[in-house]
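# Residue-level structure breakdown
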Amino acid sequence: MTSRHLVPILGFAAYSGTGKTTLIEALLPKLTEAGLRIGMLKHAHHNFDVDMPGKDSYRLRKAGASQMLISSRNRYALMTETPQEESEFHYLLTRFDQQQLDVILVEGCKNIAFPKIELHREEVGKPWLYPNDDNIIAIAADSQVDDTQLPQLDINDLEAIKQFVLDFVARKGEAEKQSTGSSCCDILSPAFLSVVQGQEKILSLVNTVSETEACPMQQSYTRVLAQDIISPVNVPQYTNSAMDGFAIRGDDLKCEHYQVVAEVLAGHAYEQEVLKGQAVKIMTGAPMPLGADTVVMREQATENGDKVTFNGVCIKVGQNVRQAGEDLAIGSDVFTQGCRIESAEMGMLASLGFASAPVYRKLKVALFSTGDEVQAPGSEQKPNTIYDSNRFAIMGLLEKLGCEIIDFGILEDNEQVMIDAIEQASQQADVVITSGGVSVGDADYVKLALDKLGKIDFWRINMRPGRPLAFGQINDKPFFGLPGNPVAVMVSFINFVEPALRKMQGETNWQPLKVNAIATEDLRSRQGRTEFSRGVYQLDSAGRLTVRTTGKQGSGILRSMSEANCLIEISPAVDTVKVGECVTIIPLQGRI
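Each value, and the rule that gives it
Per chain, the residues get numbers from 1 upward, laid out in the order the sequence is written. For this predicted model, a pLDDT threshold of at least 70 governs which residues receive local features, and a threshold of 80 or more governs which side-chain atom pairs are given and counted, while totals over whole chains, interfaces and linings are taken from all residues. Note that water and hydrogens are dropped before the side-chain values are worked out from all heavy atoms of the structure. One bridge is not enough; two strands pair if DSSP finds at least two bridges between them. Think of it this way: any DSSP run of H or I at least four residues long counts as a helix, any run of E at least two long counts as a strand, and we number them from the N terminus. Helix axes use the C-alpha atoms of the stretch in contact, all axes being lines fitted to C-alpha atoms, and the angles between their N-to-C directions lie in the range 0 to 180 degrees. The contact rule is simple, with two residues in contact once any of their heavy atoms fall within 4.5 Å. A score between 0 and 100, pLDDT records how confident the predictor is in each residue. The term salt bridge refers to a pairing of a side-chain nitrogen on Lys or Arg with a carboxyl oxygen on Asp or Glu at a separation within 4 Å. In this scheme, a residue with accessible area under 20% of its type's maximum is buried, one over 50% is exposed, and one in between is partly exposed, where area comes from a 1.4 Å probe on protein chains only. Patch criteria: residues need more than 30% relative accessible area and no salt bridge. Like-charged residues are merged within 9 Å; nonpolar side chains of Val, Leu, Ile, Met, Phe, Trp and Tyr are merged within 5 Å. Accessible surface is estimated by sampling points in the Shrake-Rupley manner with a 1.4 Å probe; for residues, cover comes only from the protein chains shown. Lys and Arg are tallied as positive, Asp and Glu as negative. Neither His nor the chain termini are counted. All charge positions are set by atom: Lys at NZ, Arg at CZ, Asp at CG, Glu at CD. Should the near helix be turned anticlockwise from the far one by less than a right angle, the crossing is termed left-handed; should it be turned clockwise, right-handed. Only Asp, Glu, Lys and Arg are considered charged in this grouping, and only Ala, Val, Leu, Ile, Met, Phe, Trp, Tyr, Cys and Pro are considered nonpolar; every other residue, Gly among them, is considered polar. Here the word oblique covers every angle except those under 35 degrees (roughly parallel), over 145 (roughly antiparallel) and from 65 to 115 (roughly perpendicular).

### What about the sheet that holds strand 29 (residues 477-482)?
Strand order in the open sheet made by the 6 strands is 24-21-25-29-28-26, with mixed pairing throughout. Edge strands, defined here as strands with exactly one partner in the open sheet, are strand 24 (404-411) and strand 26 (454-460). For this sheet, the mean angle separating the axes of adjacent strands, direction not counted, is 15°. Judged from the 6 bridges that link them, strand 21 (residues 364-370) and strand 24 form a sheet pairing that is parallel. Residue pairing across strands places Leu 367 opposite Asp 407, the latter belonging to strand 24. Packed on one face of the sheet, helix 6 (residues 195-203) meets strand 26, strand 28 (468-474) and strand 29 and runs near 165° to strand 26. Contacts between helix 11 (residues 486-504) and the sheet are confined to strand 21, strand 25 (431-435), strand 28 and strand 29, with strand 29 contributing the most and set at about 170° to the helix.

### A short note on the confidence of the model for the protein chain
For the protein chain, the average pLDDT comes to 86, and 88% of its residues sit at 70 or higher. No element of the protein chain has a lower mean pLDDT than helix 5 (residues 184-188), which averages 35, and none a higher one than strand 20 (residues 356-360), which averages 98. Below pLDDT 50 for its whole length, residues 179-191 participates in 18 contacts with residues either more than four positions away or in separate chains.

### Thoughts on the pattern of salt bridges
If you walk through the whole model with that rule in mind, you get 25 salt bridges. The partner of Asp 306 in a salt bridge is Lys 307, with the nearest N and O atoms 3.4 Å apart. A relative accessible area of 31% places Lys 307 in the partly exposed class. Arg 544 serves as the salt-bridge partner of Asp 540, at 2.9 Å between the closest nitrogen and oxygen. Asp 540 sits in the partly exposed class, given a relative accessible area of 24%. Linked through salt bridges whose partners overlap, the residues forming this network are Arg 340, Glu 498, Arg 502 and Glu 507.

### Re a negative patch on the surface
On the surface, Glu 122, Glu 123, Asp 142, Asp 154 and Asp 157 cluster together into a patch of negative charge. Along the chain, the position of Asp 157 falls in the loop between strand 8 (152-154) and helix 4 (158-178). Given the relative accessible area of 33%, Asp 157 is considered partly exposed.

### A word on unusual backbone geometry
Cis rather than trans, the peptide bond between Val 235 and Pro 236 has omega equal to -5°. Note that Pro 236 resides in the loop between strand 10 (229-230) and strand 11 (240-241). The step from Arg 464 to Pro 465 runs through a cis peptide bond, and the omega angle for that step is 0°. Here Pro 465 shows up in the loop between strand 27 (463-464) and strand 28. Despite not being glycine, Thr 222 shows a phi value in the positive range, around 75°. On the secondary structure map, Thr 222 appears in the loop between strand 9 (212-216) and strand 10.

### Re the packing of helix 8 (residues 390-400) against helix 11
Where helix 8 meets helix 11, the axes come as close as 10 Å, and the angle between the chain directions of the two elements is 30°. Of the two possible hands of crossing, helix 8 and helix 11 adopt the one that is right-handed. Facing helix 8, whose interface residues are Asn 390, Ala 393, Ile 394, Leu 397 and Leu 398, helix 11 presents Pro 486, Val 489, Met 490, Phe 493 and Leu 501. The residue makeup of the contact of helix 8 with helix 11, split by class, is 9 nonpolar, 1 polar and no charged.

### Focus on the environment of Phe 246
As for its position among the elements, Phe 246 is in strand 12 (residues 245-248). Each C-alpha atom, one on Phe 246 and one on Ala 292, is 9.7 Å from the other, the two residues being 46 residues apart in sequence. Other than its neighbours up to four places away in sequence, Phe 246 contacts Val 260, Val 280, Lys 281, Ile 282, Thr 294, Val 295, Val 296, Ala 301, Glu 303, Val 308 and Phe 310.

### What about the packing of helix 6 against helix 11?
Remark: helix 6 packs on helix 11, axes separated minimally by 9 Å, with the N-to-C direction vectors making an angle of 30°. One way to sum up the angle between helix 6 and helix 11 is to call them roughly parallel. In the crossing of helix 6 with helix 11, the sense of the turn from one axis to the other is right-handed. Of helix 11, the residues touching helix 6 (which contributes Val 195, Gly 198, Gln 199, Ile 202 and Leu 203) are Asn 495, Phe 496, Pro 499, Ala 500 and Lys 503. Tallied by class, residues from the contact of helix 6 with helix 11 come to 6 nonpolar, 3 polar and 1 charged.

This is the structure in structure tokens:
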């Protein structure tokens with residue numbers, strides 16, 4: 001949720017069988033009599049219809065209307081089909097005309113983070129919700145509990161529940177007047193930045209490199225175009241046959257048989273005009289002879305010496321012919337500045353005759369690891385040390401982005417060594433990256449060196465894994481201090497470093513692909529932070545996109561990244577995704 005909703009939101013959370021709907025149905029008249037204008041959101045775990053079979057709107061919706069709006073003098077209703085994914089909670093709230101409401105009441109959605117009253121009946125035999133949900137602000141039950149400071153109401157006392165709701169709306173309304181408009185993530189965890197806030201802050205502080213160069217086409221893969229590409233030629237460059245067959249005149253389709261006067265292969269041409277009664281045997285891609293504008297495919301022809309007939313064949317004027325400029329005309333836009341060149345773009349540019357491409361120069365990234373406990377792979381391992389994995393994981397990520405890597409290796413725990421290395425790195429590179437020693441409270445030589453060389457902010461990001469992140473400037477060059485755990489390094493790079501590098505490389509409007517998949521296992525998170533689990537997505541037998549985790553999700557388990565083909569992103573508003581529910585995934589193919 002990017003902005004605060006205009007009206008208070010209050011939920012009623014309970015297990016099935018508690019009587020939520022019955023209670024709310026009895027409560028609503030009392031609240032409306034008290035003057036509240038109420039919006040109601042009800043979440044259902046099953047399929048449902050809000051229209052009666054046989055009614056016109058029902059019939060039209062079932063006939064294929066993905067959105068069905070029915071209106072009368074007294075009301076209107078919009079029914080929207082969502083077969084691909086379940087609508088997101090905060091999006092549903094925006095569907096209300098909140099200018100006309102005082103409060104939105106929610107039945108269900110107990111896994112989402114917003115204020116709720118827990119309804120509880122002993123006879124249902126279900127556990128209490130409040131011990132595991134900090135968003136529950138009161139209990140309405142048929143029994144009392146001793147281990148909570150929450151207000152407790154009698155579930156059968158509608159007057160008391162009504163008064164609690166009225167007081168809640170009044171308190172929220174007053175708080176809203178005094179609010180400075182802080183974001184949802186600030187409300188949940190004011191000491192943290194949300195993932196989006198961190199991304200936006202970093203992107204606002206980095207700029208595209210200014211230098212450009214002409215890159216030979218065979219070396220242009222992953223480079224970013226520094227200017228628009230305009231087609232210097234027609235594509236195709238000349239009118240040609242779309243298949244092997246016989247070229248004839250479109251005004252000569254009634255002829256019983258045609259005399260074959262020539263055969264034209266691709267790369268060659270028939271220089272004379274095709275007359276009535278004549279045909280030219282032609283291969284795919286060969287230029288159409290003068291006068292001919294139609295091709296009959298070889299399989300529909302009967303050849304007899306130098307004669308050919310098309311008995312019983314339905315021939316349309318202009319069939320099987322590709323016109324000059326049909327795909328792309330001279331002067332047409334081909335690619336825009338900021339487009340990243342991949343294999344298809346390389347082929348397209350080459351097809352237009354370009355031997356090189358105008359691109360931004362390669363981004364130079366300096367990289368180093370720190371710590372006496374970090375040891376180079378390939379050496380005999382000493383006691384109390386670990387092999388350096390983070391630097392190599394980052395190298396692979398940088399290679400994928402086409403960066404030029406300046407490897408400073410492993411730096412010992414020595415303040416002057418750090419200062420000299422970071423100073424040198426900032427002079428040689430466009431970006432400096434390290435990992436470890438960036439948590440608030442860490443006593444680390446990297447931080448001591450950074451304090452003397454530049455302006456660095458040490459952030460706590462509302463995410464897991466990867467909470468600590470350092471970002472700032474060293475000699476006007478961006479510096480990224482990533483967490484120390486291997487998985488946290490990669491997740492932080494994907495979320496914060498990659499978008500910044502792409503912008504610096506000149507790539508415009510890049511956003512990671514995010515799609516919804518159906519969870520095949522329960523996924524848990526902590527409300528108030530973004531959870532990134534490593535996952536494997538695939539299509540099930542019904543053609544649906546499903547996802548599961550790679551197993552244990554510890555931030556030091558690098559195997560969980562090597563087995564993953566996606567990240568599973570659980571938003572701060574959700575603490576549990578149940579089997580069969582939709583969750584956001586970020587595919588990783590081509591990125592790691």
